[in-house]
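# Coordinate inspection notes
Chain by chain, the residues run as shown.
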Amino acid sequence: MHRFKKISAAFCAVFFSGIVLAASSQKEVFIAATFNVRVNVDKSPNSWAERLPRCQALLKKIDADILGLQEPKIEQVESLIRNSEYDFIGGGRDDFGRKGEFSCIFYRKSRFVCLQSGTFGLSGTPDIPGVRSWGSAFPRIATWGLFRDRKTGKEFVYYNTHLDHVSEAARCEGIKLLVAHARKHASDKPIMISGDFNSHPGSETYRTAQSLLNDSASVSATPHTGSGKTFHGWGKSTVDQPIDFIFVSSEFQVLSHRTDNTTFDGFYASDHYPVVVEMTLL
């Protein structure tokens, strides 16, 4: 009888300990996303005035704690963040300030605090804004931030970028520069890189990113769900491969990975689908 009580007590201790650990782990889960929201140049039915409420609804549905955006101009950034739970970091590609397209990072203020941040050029002179290198069609940039999780106190470095759509050399050299920056400045911190890579899995650009980090889709605990493509070209693209990715270091445990194919009465929020990842930081 005494032995049964001891076993029961031990079982209860282990059982409730498991519940506590599971609850603690659950609190650490957060959602990251990457989304090319498309610059505001299109006419109806894809004008920014028409797409803004779609983008707002999609961001609300995704409910990301942190996400990288590509292509927005400052007026798009400000309209998306207005009356939201987010703050943002990043500057435009023309002056690292308010001019040109952004590769900014939105983060939920109640979940993360940004300790340091910056924007640099993916060019032969990364400290000078507005520079095109290696045959790029436009100046290309990356934004980075050192973040602390308010729930756990853990820190990580997050990079967000948009690689060139024309020059393969610019994509390859740009991602090499970004990876070198991460290796130098992230030190021993966990690293996450998101963005529109304008490259498919298996390309040299993709392999360069893989040399540092894991494609979150390949290490997800559950299979990918949603469309195989991320760029859909307003529903016209027939290429069923992604060009938008979230790469993570081994300190991140990826629980799920998906593209969100939401449409609004047959219309789109952007010409890309967002990639959404649920993860924890070990």
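### Side note on the overall build of the protein
- Looking only at helices and strands, the protein has 5 helices and 12 strands in total.
- Relative to its length of 282 residues, the protein is compact, with a C-alpha radius of gyration of 20 Å against a globular reference of 19 Å.
- Along the first, second and third principal axes, the C-alpha set of the protein runs to 80 × 45 × 35 Å.
- Counting only residues that meet the buried cut, the protein has 49% of its 282 residues in that class.
- Residue pairs in contact within the protein that sit at least 24 positions apart in sequence constitute 74% of those at least 6 positions apart.
- When the accessible area of the protein is evaluated, it comes to approximately 13,000 Å², of which 54% is carbon and sulfur surface.
- Taking the average location of the 33 positive side-chain charges in the protein and that of its 30 negative ones, the two points are 5 Å from each other.

### Concerning the packing of aromatic side chains
- What the rule picks out here adds up to 17 aromatic pairs.
- Each ring, one from Y107 and one from F147, has its centre 5.2 Å from the other, and the planes form 65 degrees; the classification is edge-to-face. Taken together, the residues span a long stretch of sequence, with Y107 in strand β4 (residues 105-108) and F147 in strand β6 (residues 141-149) at a distance of 40 residues.
- The exposure class assigned to Y107 is buried, which follows from its relative accessible area of 8%.
- Consider the rings of F120 and Y159, whose centres lie 6.4 Å apart with planes at 80 degrees: the pair is edge-to-face. Highlighted residues: F120 in strand β5 (residues 112-121) and Y159 in strand β7 (residues 155-162), separated in sequence by 39 residues. The same class applies to F120 and to Y159, which are both buried.
- Aromatic rings pair up to connect F30, Y107, F112, F147, F156 and F252 into one cluster.

### Considerations on the pattern of salt bridges
- Summed over all chains, the structure comprises 15 salt bridges.
- R258 serves as the salt-bridge partner of D260, at 2.9 Å between the closest nitrogen and oxygen.
- For D260, a relative accessible area of 2% puts it in the buried group.
- The partly exposed category is assigned to R258, whose relative accessible area is 25%.
- A network of salt bridges, in which partner residues are shared, links D63, D65, E85 and R108.

### Considering empty space enclosed by the protein
- Tallied over the full model, the rule gives 3 cavities of 30 Å³ or more.
- In this structure, the largest cavity encloses a volume near 60 Å³.
- If you trace the largest cavity, you find it lined by E71, R93, E101, F102, S103, P139, R140, I141 and H162.
- Grouping the constituent residues of the lining of the largest cavity by class yields 3 nonpolar, 2 polar and 4 charged.
- Here the second largest cavity defines a volume of roughly 40 Å³.
- Every residue lining the second largest cavity is listed: F35, L58, H232, D260, T262, Y268, A269, S270, H272, Y273 and P274.
- Grouping the amino acids of the lining of the second largest cavity by side-chain chemistry returns 6 nonpolar, 4 polar and 1 charged.

### Description of the confidence of the model for the protein
- When pLDDT is averaged along the protein, the result is 92; 90% of the residues meet or exceed 70.
- Every residue in residues 1-25 scores below 50 in pLDDT, and together they form 1 contact with partners more than four places removed in sequence or on other chains.

### Comments concerning the side chain of H257
- Of note, H257 is situated in strand β11 (residues 252-259).
- Side-chain polar atoms of H257 contact the side chain of H224, separated by 3.0 Å.
- With near-sequence residues (within four places) excluded, H257 lies in contact with S216, A217, S220, P223, H224, T225, V275, V276 and V277.

Analysis parameters
In this numbering scheme, every chain counts its residues from 1 along its sequence in written order. Two thresholds apply to this predicted model, a pLDDT of at least 70 for residue-level local features and 80 or more for giving and counting side-chain atom pairs, whereas whole-chain, interface and lining totals are computed over all residues. The side-chain values count all of the structure's non-hydrogen atoms but skip hydrogen atoms and water molecules. Note on conventions: DSSP H or I runs of at least 4 residues are helices, E runs of at least 2 residues are strands, and numbering of each starts at the N terminus. Each radius of gyration is computed over the set of C-alpha atoms, and the globule rule expresses the reference value as 2.2 Å times the number of residues to the power 0.38. For every residue, the accessible area (1.4 Å probe, protein chains only) is compared with the maximum for its type, and the residue is labelled buried under 20%, exposed over 50%, or partly exposed between those bounds. Two residues qualify as a contact provided that any one of their heavy atoms is within 4.5 Å of a heavy atom in the partner residue. Note that accessible areas follow from Shrake-Rupley with a 1.4 Å probe, and for residues the cover is restricted to the protein chains shown. When charges are counted, neither His nor the chain ends are considered; positive counts come from Lys and Arg and negative counts from Asp and Glu. Where a charge lies is defined by one atom per residue type, namely NZ (Lys), CZ (Arg), CG (Asp) and CD (Glu). Two rings from Phe, Tyr or Trp (for Trp, the six-membered ring) form a pair when their centres sit within 6.5 Å of each other. Planes less than 30 degrees apart are called stacked, planes more than 60 degrees apart edge-to-face, and all others tilted. Put simply, a salt bridge is a Lys or Arg side-chain nitrogen that is within 4 Å of an Asp or Glu carboxyl oxygen. For cavity detection a 1 Å grid was placed over the protein atoms alone, and a set of points counts as a cavity when a 1.4 Å probe fits there but cannot get out; an open set counts as a pocket when protein lies on both sides within 12 Å along at least five of seven lines, with lining residues being those that have an atom within 4 Å of a point. Grid points are joined across faces, edges and corners, and a volume is the space filled by probe spheres set on the points. Gly is put with the polar residues, along with every residue not named as nonpolar or charged; the nonpolar set is Ala, Val, Leu, Ile, Met, Phe, Trp, Tyr, Cys and Pro, and the charged set is Asp, Glu, Lys and Arg. Confidence of the predictor at the level of single residues is given by pLDDT, which spans 0 to 100. Polar contact is the term for a pair of N or O atoms within 3.5 Å; when the atoms are in protein, one must be able to donate a hydrogen and the other to accept it, and sequence-neighboring residues count only if both atoms are side-chain atoms.

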